[in-house]
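If you want the building blocks of each chain, they are given just below.
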Amino acid sequence: MKFIEKAFGFNPSTMQLKTELIAGATTFLTMSYVLAVNPAVLSATGMDRGALFTSTAIVSAIATLLLAIMAKLPFAQAPSMGLNAFFAYTMCQAMGYTWQQSLAIMLVEGAVFIIITFFNVREMILNSIPETLRYAISAGIGMFIAFIGLKNAGIIVAKQGTFVGLGQFTPTCLLGIFAILTSGILMARNVKGSLFWSIILTTIVGIPFGVTSLPDNWIPVSMPQDLSPIFCKFTFDGIINLKTFLVIFSLLIVNIFDTIGTLMGLAEKTGIVRPDGSIPHVKEAMMSDAIGTTCGAFFGSSTITTYVESASGIAEGGKSGVTSFTVSMFFLIALFLSPVFLLIPSAATSGALVMVGVLMLDSIKEIDLKDLSESFPAFITMITMVLTYSIADGICLGILSYVFIKLFTGKYSQLNPTLCVLSVLFIINFMFG
């Protein structure tokens, strides 16, 4: 127990080991879709899909374990669902980079991440964000998570005339509704591990619905897929140019604010934010993210980020690195139990995601809604985070609106130099990124 206390920040007087383990299992189950989705996205570049499954599990385990030991926070890390699409569809398909060249760019980005984290640049950016936007980011992330849950279940779908709309009541949609109602009922009745049990129960119910599919001759255990087709296959040939510099700059902007926004939102829910607004061990959390991205390039993975789905484990009571350590161990187990974890349909996690959105919404009450110079940028942050499907874009647009409204209402004394510099960088990024 002493080792657990020292290694993962576990406090037996305020925490329960069983709760931390359940929280870790819940977080893993909620984000386990990454094991299926990430290989599917990256394989569009020609990378071996089986090797990508192994890479995703290993890199997620390494990054989350680093976070557990270094930051001792109940968060989890894995390849970013937005930046893997940028890797596959923008860098490789639209811009013409090979996947080997793209991995080299990921390696450089990770190295730059480590440098700017070491020199506290990311922490300085975090501390420059006004309190109003911090609350808005937390609420916006909650809405974003809930939107992901509704989308995964097919409850909300793309529509040509209105962009989004209510989907058809397919078996997947009905299972998603079942998951959401089950999660809400179990949490309202204060059932311990409610989100975890919701995922398990929904997965089982999904079998007669035809959503949870059991393949013929299904065996729950298999050996890990061969990693060699993508391991250390990066190349720097033909990427030393201005275009690559702009790509790296765009990746840095997106990942910095994706991670910062997620850390801020999760920290608010964990209750670890200090009275001055600072977050304990935030530099270590950012460093684990940076090291994870660098390691990911060696293993054939795109950029690593902190996952908003960590909020599901926090909602179950996770408070220490024991939660994230549990997540990392599940990722390693998944190497051998991939047939089991791939059974969980995305609709089964929708209930947990929607309930996390409900829980994160309470930070709105801390925003001064009577002061339009405060409520306007907060609203822009929240709504654009959902409608652009990007935490980073929501933060960038929120900060820009905050700077402009303060400047033109004569409240420029409330701004700081870091915010002004960031605004200029955001404008450059939106124009040329």
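Structure: above.
What comes next concerns the included structure. The written sequence of each chain sets the order in which its residues are numbered from 1. The predicted nature of this model means local features are confined to residues of pLDDT at least 70 and side-chain atom pairs, given and counted, to a pLDDT of 80 or more, with totals for whole chains, interfaces and linings taken over all residues. No hydrogens and no water enter the side-chain calculation; it runs on all heavy atoms of the structure.

Further remarks concern the nonpolar core. To define a nonpolar core, start from buried Ala, Val, Leu, Ile, Met, Phe, Trp, Tyr and Cys residues and group those joined through side-chain atoms within 4.5 Å. Burial classes: relative accessible area under 20% of the type maximum marks a residue as buried, over 50% as exposed, and values in between as partly exposed (1.4 Å probe, protein chains only). Core analysis: the biggest nonpolar cluster contains 101 residues, and F257 and I399 have the highest contact counts within it. It is helix 11 (residues 242–270) that contributes the most residues to this core, 13 residues altogether. What F257 contacts, discounting residues up to four positions off in sequence, is I125, I391, A392, I395, I399, L422 and F426. Segments assigned H or I by DSSP are reported as helices when at least four residues long, segments assigned E as strands when at least two residues long, and all are numbered from the N terminus. Contacts are assigned to residue pairs with any non-hydrogen atoms lying within 4.5 Å of each other.

What follows deals with the packing of aromatic side chains. Pairing of aromatic side chains here covers Phe, Tyr and the six-membered ring of Trp, requires ring centres within 6.5 Å, and sorts the geometry by plane angle: under 30 degrees stacked, over 60 edge-to-face, intermediate tilted. Within the structure shown, the criterion is met by eleven aromatic pairs. With a centroid separation of 6.3 Å and 85° between ring planes, the pair formed by F3 and F8 is classed as edge-to-face. A relative accessible area of 6% places F8 in the buried class. With 6.5 Å between their ring centres and 20° between their planes, F404 and F408 make a pair best called stacked.

Being paired, for any two strands, means DSSP has found at least two bridges between them. Here strand 2 (residues 156–159) runs beside strand 3 (residues 163–166); their pairing, made up of four bridges, is antiparallel. Looking at strand 3, one finds that V157 is bridged to G165. Hairpin geometry of strand 2 and strand 3 is characterised by an intervening segment of three residues between the two adjacent antiparallel strands.

Another point: the packing of helix 2 (residues 17–31) against helix 10 (residues 194–209). Here the axes come from fitting lines to C-alpha atoms, over the contacting stretch only for helices, and the angles between their N-to-C directions go from 0 to 180 degrees. Direction vectors running N to C along helix 2 and helix 10 enclose 45°, while the axes themselves pass 9 Å from each other. Judged by the angle between their axes, helix 2 and helix 10 are oblique. Crossing of helix 2 against helix 10: the hand is left-handed. Of the residues in helix 10, those touching helix 2 at I22, A25, T26, L29 and T30 are L195, F196, I199 and I200. Any angle that is under 35 degrees is reported as roughly parallel, and any over 145 degrees as roughly antiparallel; angles of 65 to 115 degrees are reported as roughly perpendicular and all others as oblique. Should the near helix be turned counterclockwise from the far one by less than a right angle, the crossing is left-handed, whereas a clockwise turn marks it as right-handed.

Here the focus is helix 12 (residues 282–299). Residue count minus one, scaled by 1.5 Å, sets the expected span of a helix. Here helix 12 is 18 residues long and its end C-alpha atoms lie 26 Å apart, about the 26 Å a rise of 1.5 Å per residue gives. The buried fraction of helix 12 is high, at 13 of 18 residues. The first or second residue beyond helix 12 is G300, which carries a positive phi of 85°.

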